[in-house]
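Structural overview
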Amino acid sequence: MFRIPKQRCSGSFDRNGRIDVGYSYSIVFTVALISFSLLGSSFAFGKSKTQVSSWSCYYGQQDRTEELIQFDLAVLAVHGQNPDPLRKAGVKCLVYISLGEVSAGGPYYVEAKERGLLVRYNDNWDSWVVDIRRPEWKDMLFERIIPDALKAGYDGLFFDTLDSPIDMQRRDPDTYKGTERSAVELIKSIRKSFPKLLLCQNRGFEILGRTAKSIDYLLLEGLSSFIDLKTQTRTDVAKADREFLLAKSSTALKENRKLVVLSLDYVPLDDAGETAKAFDYSRKQGFVPYVSTPALDQVNTYAHTP
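Keep in mind it's a predicted model, so treat the numbers as computed, not measured. (Residues numbered from 1 in each chain as written. Predicted model: local features only at pLDDT ≥ 70, side-chain atom pairs only at ≥ 80, totals over all residues. Heavy atoms only, no water.)

Attention now goes to the packing of helix α6 (residues 163-171) against helix α7 (residues 179-193). When two helices pack together, you describe them by how their axes are tilted relative to each other and by the distance separating the axes. The contact between α6 and α7 brings their axes to 8 Å, and the two run at 160 degrees. The orientation of α6 with respect to α7, classified from their angle, is roughly antiparallel. Here Pro165, Ile166 and Gln169 of α6 come into contact with α7, specifically with Thr179, Glu180 and Ala183. Class assignment of the residues belonging to the contact of α6 with α7 gives a composition of three nonpolar, two polar and one charged. (Axes fitted to C-alpha atoms, helices over the stretch in contact; angles between N-to-C directions. Helix = DSSP H or I, 4+ residues; strand = E, 2+ residues; numbered from the N terminus. Parallel < 35°, antiparallel > 145°, perpendicular 65-115°, else oblique. Contact = heavy atoms within 4.5 Å. Nonpolar A, V, L, I, M, F, W, Y, C, P; charged D, E, K, R; others polar.)

Pasting the structure below:
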């Protein structure tokens, strides 16, 4: 699961594509205000709206403008790297959004708890899975969480953690019936409310066939390599897991032929050999690769262009 970590955990993938560790509902005024702001912004779209040949992900707090301007696309953390100089240099900037969880120490935890939205504690990340079926969660996303994330000025949103509530339905289909449907509706609502934004979905493979037309980018995390933080060892992704990811990307591309597929692999930054292998394999599939360490607090400029 691709998220802003307190302490990232990596592991093998199960056959459902999960890492093995664990309706427009906006207020009219809020959406209108943001839409007006976006229409007045200068988008860093370059030759086409979505096409990129390189991308990066940086969740650190230090200014890494000089490295990040070498890429076509950057995924950044809220209150992290300033996107303004990057966008002026032509970099498309997406900001991280957690659609299925809230951090236990984050700014939205208290409100989510008071509204009775918390359904399961995730001790791997010190976060809580939320009931995305509830209208109160849609209220929070459209009235506060998304507007707060966009304040610094971005070209789009990077969706994470939707696989967590979806997994709740898989575990207990009676109690959490309708969660997948709500996840699909949520992404479609965001697309409808923010038509100018670039949208990227990470994981949530169960709903990908129904959301592909609403997104611009799909991220395949762990296509070739991952790192186990407990042992600090790098391991190849199993063939079956890799084939699963390729099959899901193929399904998405059939639904949306303009979809750009990104890959993210975890390799020690000094391991040029494994980094090259990850880049080469991704590019052979027609994807856009990036390689980093699990903390995502450094910028790896190795072979960022073909």
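Still more ground to cover, so stick around.
What follows deals with the sheet that holds strand β7 (residues 156-160). With parallel pairing, the eight strands of this open sheet are ordered in space as β1-β2-β3-β7-β8-β9-β12-β13. Of all the strands in the sheet, the pair left with one neighbour each is β1 (55-58) and β13 (288-292). When strand polarity is set aside, the average angle formed by the axes of neighbouring strands in this sheet is 25 degrees. When strand β3 (residues 92-98) meets β7, the two strands line up parallel, connected through five bridges. Counterpart to Leu94 in the pairing with β7 is Gly156. Of the strands in this sheet, β12 (260-266) and β13 touch helix α10 (residues 272-284), which is tilted by about 160 degrees from β13. (Pairing = 2+ DSSP bridges.)

Okay, the packing of aromatic side chains next. Applying the stated criterion to the full structure yields eight aromatic pairs. Considering the side-chain rings of Phe142 and Phe194, the 6.2 Å spacing of their centres and the 5 degrees angle between planes classify their relative orientation as stacked. Of the two residues, Phe142 sits in helix α5 (residues 135-150) while Phe194 sits in the loop between α7 and β8 (198-202), which places them 52 residues apart along the sequence. A single burial state applies to Phe142 and to Phe194, both of which are buried. In this structure an aromatic cluster arises from ring pairing among Trp55, Phe71 and Tyr290. (Phe/Tyr/Trp six-rings, centres within 6.5 Å; stacked < 30°, edge-to-face > 60°. Buried < 20%, exposed > 50% of the residue type's maximum accessible area, 1.4 Å probe, protein only.)

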